[in-house]
Amino acid sequence: MRITLKLIVSLIVVVVFVALISAWFNVRQEKAKLYDEVRSHSALLAESFKESVRHNLETGNNAGLQKLADKFQNQKQLEGVAVYDADGNLISGSSALAPEMLARAPEINALIGAASGADRVYAIGDKKIFLYPLTLTFNETKKARIVLFTNISYIDYDLFKIWKRTLLRLLAQMVLISLVTLLIVRWNLVDPIIQMAEWMKNLRIGDVHGHAPPIKGDIFAPIAKEATTLATNLQAARRAAQNEARLRHKGESLWTPERLKEHIKIKMEGRPLFVVSNREPYMHIKEGKDIRTIIPAGGLVTALDPILKAAGGTWVAHGSGEADFEVTDNKNRIKVPQEEPAYNLRRIPLGKEEEDGYYYGFSNEGIWPLCHIAHIRPIFRREDWKYYYEVNKKFSETVFEEIEGVKEPCVLIQDYHFMLLPGLIKAARPDARVSVFWHIPWPNPETFGICPWQKELIMGLLGADLIGFQTQFYCNNFLDTVDRTIESRIDWEHFSVQKELHTTMVKPFPISVDFQQSGKENKAPAVKPELKSVMKEMGIKADYLGVGVDRIDYTKGMLERVKAVERFLEKYPQYQRKFSFIQLGAPSRTHIPQYHRFLAELHAEVDRVNWKFKAKDWKAIVFVEKHHDRSEITKFYKIADACLVTSLHDGMNLVAKEFVAARDDNSGVLILSRFAGASRELKDALIVNPYDIEQMADAIYYALTMPKTEIEERMGRMRQDLHDNNIYKWAANLIGELVKLRMDDFKLTEV
Ligand code: F6P
């Protein structure tokens, strides 16, 4: 039987059952009520008749008795009245009563013997007669019985009407139930399933646009969610396969997630990958009662998350989100990303003192300003150093737990937070292949020499088998620093350091972005957003747009950028009320006083410039200080005429690369600081000195007036470069280099 029919029949059976039961009770009640009415009416009549009958019996007035009986006939349903003696013989009866009624001996006899009020019902022809008896005493001892004859055929008719009404109502309900069920099933189940089947068919033959299936409503929400993921994966796999085929055809060798996965599988012989960083790739924060996942701002996460997504493995990081440990298991592990788990995130909890000393203090008030030439004095405190050491140790213990049982594990340590970690790992696990990737600049030896613990830090770092920097220049600085700090053998030809029995290779690995993904940014709008409508959302009107996207940090040249916009609007007044600069700024390291001061100064500068050029419906600068997710940022990348990356000093700066990756229309101009590592690769950007405000103002003007063909040529070349040198290639090079090191050789020479 078809499902709809089954549903209808079941519903009808239930409804009929309920309706019949309730009708039956209804009829029973009604019947009892009507009989009660007849009974009490008869009792009243009999009582009113009684005294006159007694009088006539005592006086022997048979004619009077007959007259009385006739008076009580044919009243409503009352057929008549009869009086019987104690033996049941008729004394007198209404003339209207048919003889057969009066002579129904058994019933009458039964009544004569019964008590007063013990009524009886019997049928005569098509009539149903209700007999009500009343006993009376006359002449003190003699008994007589009055019997009232009431026609109660109407009761059956009334009850029949109730049944009839019930059945008619039932019939109407059955028709309605069938109709409504049919329509509900059709609209809510059959139609969506047909559409879904059609969508799946199209998906199979590759004719689907968009990822979401055409089914809605809460019943289908879980299916729709899974189907969306399935479609996304299928389309991504198809694209990857097409891409691979195209590349094979062209003989190109583009690095894709699939290729990296294969590469790592082969190179690492199936062993998992371990990444260690301070910053975690996904943070869980509280929003009212809900827990929300956010992706922290910064190049490290942008670069490494796609690699782990492609290759799997474990990422060990500080769990800094307030709800982080509400979602992890009892080992502080969680699979990420939540929608499509690809790798393990192992979170390490840190106490307030640890975070203050190791992260805010030593790493970000000490090493960070030490490595960046931004003219901010580094602060080194003994207390912070102690925490820096302890937290490095704490991380090493967690790493040991994670790599336990894995032979020759590959551990990729990130950044300046863990300079002691390579040494700590190597001491306990000499078989581990350890690399450090240094995301920020490495200063010259004089500058590094400011640090009171320079020797310990260098020794810790040299525990690594491979140290990667963003540029060759930073490699040189590092080797110079090693040379000046400790006793070791430096091989300038192969760029390596030998210390005791261990060799550390030093190489540049310019980091990059997931070019294809940044271009598409699956959560970003499929069509290019309209400048006008985005400006409207921001509450302004503008024809030209410049954008800056940064973690709010004094190294990013944000103040200089504000001054450059001011100078540009002064020097080229025709752009006033036409050009706006939007600065998206993610709050960062907010507990450090220097960052507080910087933020306050930035707000003051923005206010000053906006006040200077104040106009209705327009603003020179819109500063949005909040954490933006990738799709929001991509929207601004896509509509900006120019993106300003004006770091005073920066290891690489992936905003520059993300902007280029997002411009699949080959338009937009990148204005890039010569002090950002990215300027070594993105030579088609307008390269500026962020300290030269005049030059930056002119660069903005040049960007807005550059001929379209030149914009396209420049952007096209930069895109080609990023296309060829994406994050997968970076990872393949770094991991390839790490696994190819011959560990045994390192024990040959002792310095
Ligand atoms: O650029 C250096 C760096 O440490 C990156 O590696 C990281 O993405 C960024 O700064 C973010 O800093 P933090 O983790 O302190 O927010």
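Bear in mind that the values here come from a model prediction, so they are computed numbers and not experimental data. (Residues numbered from 1 in each chain as written. Predicted model: local features only at pLDDT ≥ 70, side-chain atom pairs only at ≥ 80, totals over all residues. Heavy atoms only, no water.)

Caption draft 1: Representation of the overall build of the chain within the structure. Summing up its helical and strand segments, the chain has 23 helices and 23 strands in all. In terms of overall size, the chain is more extended than a compact globule, its C-alpha atoms giving a radius of gyration of 47 Å where 751 residues would be expected to give roughly 27 Å. In terms of principal-axis extent, the alpha carbons of the chain reach across some 150 × 65 × 55 Å. Looking at the chain as a whole, 52% of its 751 residues qualify as buried. Sequence separation of at least 24 residues holds for 71% of the intrachain contacts in the chain that already meet a minimum separation of 6. Approximately 35700 Å² of the chain is accessible, and the part contributed by carbon and sulfur atoms is 55%. The positive charge centre, built from 101 side chains, and the negative charge centre, built from 97, are 4 Å apart in the chain. (Helix = DSSP H or I, 4+ residues; strand = E, 2+ residues; numbered from the N terminus. Rg over C-alpha atoms; globule rule 2.2 N^0.38 Å. Buried < 20%, exposed > 50% of the residue type's maximum accessible area, 1.4 Å probe, protein only. Contact = heavy atoms within 4.5 Å. Areas by Shrake-Rupley, 256 points an atom, 1.4 Å probe, with all protein chains shown as cover. Lys, Arg positive; Asp, Glu negative; His and termini not counted. Charge placed at Lys NZ, Arg CZ, Asp CG, Glu CD.)

Caption draft 2: Layout of the site of the ligand. Near the ligand, the surroundings consist of Arg-279, Gly-298, Gly-299, Leu-300, Tyr-359, Trp-368, Asp-415, Tyr-416, His-439, Ile-440, Arg-551 and Arg-589. Within the side chain of Asp-415, an N or O atom sits 2.7 Å from an oxygen atom of the ligand. Across the shell around the ligand, the residue classes tally to five nonpolar, three polar and four charged. (Near = heavy atom within 4 Å. Polar contact = N/O pair within 3.5 Å; in protein donor to acceptor, adjacent residues only side chain to side chain. Nonpolar A, V, L, I, M, F, W, Y, C, P; charged D, E, K, R; others polar.)

Caption draft 3: Local environment of the nonpolar core. Ranked by internal contacts, the top residues of the largest apolar core, which has 174 residues, are Trp-438, Trp-442, Leu-457, Phe-478, Leu-670 and Trp-730. Looking at which element gives the most residues to this core, the answer is helix α23 (residues 727-740), with nine residues. Counting only domains with at least three residues in this core, you end up with domain 3 (260-508) and domain 4 (530-724). Residues in contact with Trp-438, not counting those within four places in the same chain, are Ile-367, Cys-371, Asp-415, Tyr-416, Met-419, Leu-461, Gly-468, Phe-469 and Gln-470. (Core = buried A, V, L, I, M, F, W, Y, C linked by side-chain atoms within 4.5 Å. Domains from an automatic or database assignment.)

Caption draft 4: Geometry of the state of the cysteines. Tallied over the full model, the rule gives zero disulfides. In this structure Cys-410 is not part of a disulfide, and its nearest cysteine sulfur, from Cys-475, lies 20 Å away. With a relative accessible area of 1%, Cys-410 lands in the buried category. (Disulfide = S-S within 2.5 Å.)

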